[in-house]
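# Inside the fold
Listed below are the residues making up each chain.
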Amino acid sequence: MDSQIEHMLALKVMRLTRPTLTNFQNLIFSERSDLPHLDGDESNYLPKSNFLLLPQSFGNIYLGETFSSYICVHNCTTHAVSSVSVKCDLQSNNSRVSIPIHANRTIPTTLNQDETLDDVIHYEVKEIGTHILVCEVNYVSPGGLPLSFRKFFKFQVLKPLDVQTKFYNAETDEVILEATIQNITANVICLERVELEPSDSYTSTPLNTTTDGNSVFCSINKLQPQNSCQFLYCIKPVPSIANDLKTLKMAMNIGKLDIVWRSSNLAERGRLQTSQLQRSSIEFGDLRLSITDASSISEISKPFVFNCRITNTSTRSMELNLNFNIKQKHGNLYTGSSEQNLGLIEPEKFKDFRLTIFPIRLGIVSVGDLQISDVFMKRIYEFDDILQVFIVKDLNEAYDLQKFVKFHDIPVSQVRQAA
């Protein structure tokens with residue numbers, strides 16, 4: 001019915017986006033009236049160069065960008081039209097979203113001759129695939145007849161980045177997340193921000209900076225087409241979760257990656273957020289050993305004390321004995337001996353204890369040789385490489401060297417060579 005009616009209103013829709021730089025192959029001629037400041041012939045020409053070209057169509061848009069469009073309804077007749085209203089819906093394969101119109105005038109309104117009702121709409125696209133902008137105009141003719149018509153504008157939403165994640169479970173509660181981000185567009189993309197927003201059960205520490213706080217990447221992290229880069233994050237459960245083994249096993253949601261990027265089209269901004277990332281299931285076996293307090297540096301021939309925690313992760317009670325006796329396989333890096341009765345530990349309960357070693361070699365020492373035996377089941381559980389500590393000759397000199405290096409911004413490689 002609408003196709004047979006000549007409507008009194010005209011609807012114009014233009015997508016708003018930043019212009020692109022275009023190099024025209026041929027000379028561009030212009031009329032003298034277009035460039036009045038140029039003298040000479042009636043027609044002038046502009047030399048070859050990069051020009052800003054406004055969008056000629058709706059084109060494509062990338063996931064995470066904001067779709068903006070200018071909506072204009074114009075009364076092209078000599079008669080007043082009443083009850084004019086505009087409705088905009090954005091339809092995708094899985095949803096239909098109504099976009100509100102915030103025009104300066106009250107809707108519905110009356111449009112006299114050559115008057116317009118216009119507005120700019122914004123919507124952050126969150127789905128990939130074909131999208132259709134449906135614009136519907138309703139009005140009442142001077143004769144009191146209610147009329148309406150619709151126009152459809154189709155465009156594609158493409159995926160700009162491919163995000164792959166890997167989890168590495170440590171012996172402790174820590175989880176290392178590796179996020180690989182690849183540019184799958186045909187243009188250069190700049191990553192403005194890549195952050196992990198942890199869930200309520202975890203805290204996140206980025207591992208993408210050096211010891212002096214500078215980023216391991218360039219100041220402008222550019223990704224060429226099909227290129228990728230990796231980001232690392234250390235994730236730890238909050239204390240209330242870490243101390244409750246049953247809750248820790250169920251706390252699978254790590255958090256979300258929040259990525260802000262800009263395209264090469266005059267730094268058009270886009271934002272992506274992944275779905276909730278989930279860690280792999282935790283398998284502790286019967287016993288779980290963790291270090292609760294230990295220094296990373298110590299002096300040679302001085303006692304090095306560190307605190308440990310053993311957790312019964314089985315479904316039965318265990319009577320545990322501890323045997324800490326140094327073996328020759330470590331090349332006499334340290335000495336120490338301890339035998340303790342840890343007592344009865346119920347399922348999902350823990351026991352804290354303290355161990356002491358005496359380092360006799362300089363350098364990095366890996367502590368191991370810890371045996372815990374179950375009296376009831378006659379089983380022996382061995383723990384090796386439970387922690388590493390850096391042994392120095394003088395602790396004060398080591399701290400002074402760290403301050404000197406940090407103050408003078410000396411590369412770590414030079415310090416190692418000097419040492």
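Throughout what follows, the structure given in this document is the object of discussion.

Criteria and cut-off values
- Residues numbered from 1 in each chain as written.
- Predicted model: local features only at pLDDT ≥ 70, side-chain atom pairs only at ≥ 80, totals over all residues.
- Heavy atoms only, no water.
- Helix = DSSP H or I, 4+ residues; strand = E, 2+ residues; numbered from the N terminus.
- Buried < 20%, exposed > 50% of the residue type's maximum accessible area, 1.4 Å probe, protein only.
- Contact = heavy atoms within 4.5 Å.
- Pairing = 2+ DSSP bridges.
- Salt bridge = Lys/Arg side-chain N within 4 Å of Asp/Glu carboxyl O.
- Core = buried A, V, L, I, M, F, W, Y, C linked by side-chain atoms within 4.5 Å.
- Phe/Tyr/Trp six-rings, centres within 6.5 Å; stacked < 30°, edge-to-face > 60°.
- Lys NZ or Arg CZ within 6 Å of the ring centre and 35° of its normal.
- Axes fitted to C-alpha atoms, helices over the stretch in contact; angles between N-to-C directions.

A tally of helices and strands in the protein yields four helices and 33 strands. Across the 419 residues in the protein, those meeting the buried criterion constitute 37%. When contacts within the protein are restricted to residue pairs at least 6 apart in sequence, long-range pairs at least 24 apart make up 70% of them.

Of the two faces of strand β1 (residues 9-16), only the one carrying Leu-9, Leu-11, Val-13 and Arg-15 is buried; Ala-10, Lys-12, Met-14 and Leu-16 on the other face are not. Bridging between β1 and strand β7 (residues 66-75) involves eight bridges; their strand directions are antiparallel. Residue pairing for β7: Val-13 is matched across the bridge by Ile-71.

As a further point, take the pattern of salt bridges. Counted under the stated rule, the structure contains 13 salt bridges. A salt bridge links Arg-262 to Glu-192, with the nearest nitrogen and oxygen atoms 2.5 Å apart. Separated by 70 residues along the polypeptide, Arg-262 in strand β20 (residues 253-263) and Glu-192 in strand β16 (residues 189-198) bring together distant segments of the chain. A residue is classified by how much of its surface remains accessible, and Arg-262, at 24% relative accessible area, is partly exposed. Across the salt bridge formed by Asp-286 and Arg-379, the nearest N and O atoms sit 3.4 Å from each other. With Asp-286 in the loop between β22 (277-278) and β23 (287-293) and Arg-379 in strand β32 (residues 379-383), this residue pair connects regions lying 93 residues apart in the sequence.

The strands making up a sheet associate through hydrogen bonds between their backbones, and the pairing can be parallel or antiparallel. Overall, antiparallel pairing links the four strands, which are arranged β23-β25-β29-β27 in an open sheet. Two strands in the sheet have a free side with no partner beyond their single neighbour: β23 and β27 (334-335).

Moving on, we get to the nonpolar core. In this structure, Leu-9, Val-73, Leu-133, Tyr-139 and Leu-191 are the most contacted members of the largest nonpolar core, which totals 53 residues. Membership of the second largest hydrophobic core comes to 26 residues, among which are Met-318, Leu-355, Val-365 and Ile-386.

It is worth spelling out the packing of aromatic side chains at this point. Within this structure, the stated rule accounts for three aromatic pairs. Above the face of the Phe-350 ring, Arg-309 is positioned so that its terminal group lies 3.9 Å from the ring centre.

Taken in spatial order, the four strands line up as β14-β15-β19-β17 in an open sheet, and their pairing is antiparallel. In this open sheet, the two strands that pair with only one neighbour each are β14 (161-169) and β17 (202-206). Across the sheet, the mean angle from the axis of one strand to that of its neighbour is 25°, orientation sign disregarded. Direction of pairing for β14 relative to strand β15 (residues 175-183): antiparallel, over a ladder of nine bridges. Looking across to β15, one finds that Gln-164 is bridged to Thr-180.

Once that is clear, we can look at unusual backbone geometry. The backbone phi angle of Ser-301 is positive, close to 65°, even though this residue is not glycine. As for its placement among the helices and strands, Ser-301 is situated in the loop between β24 (297-299) and β25 (304-312). The backbone of Glu-348 shows a phi angle near 65°, a positive value even though the residue is not glycine. By the element assignment, Glu-348 lies in the loop between β28 (337-345) and β29 (350-359). Glu-348 sits in the partly exposed class, given a relative accessible area of 34%.

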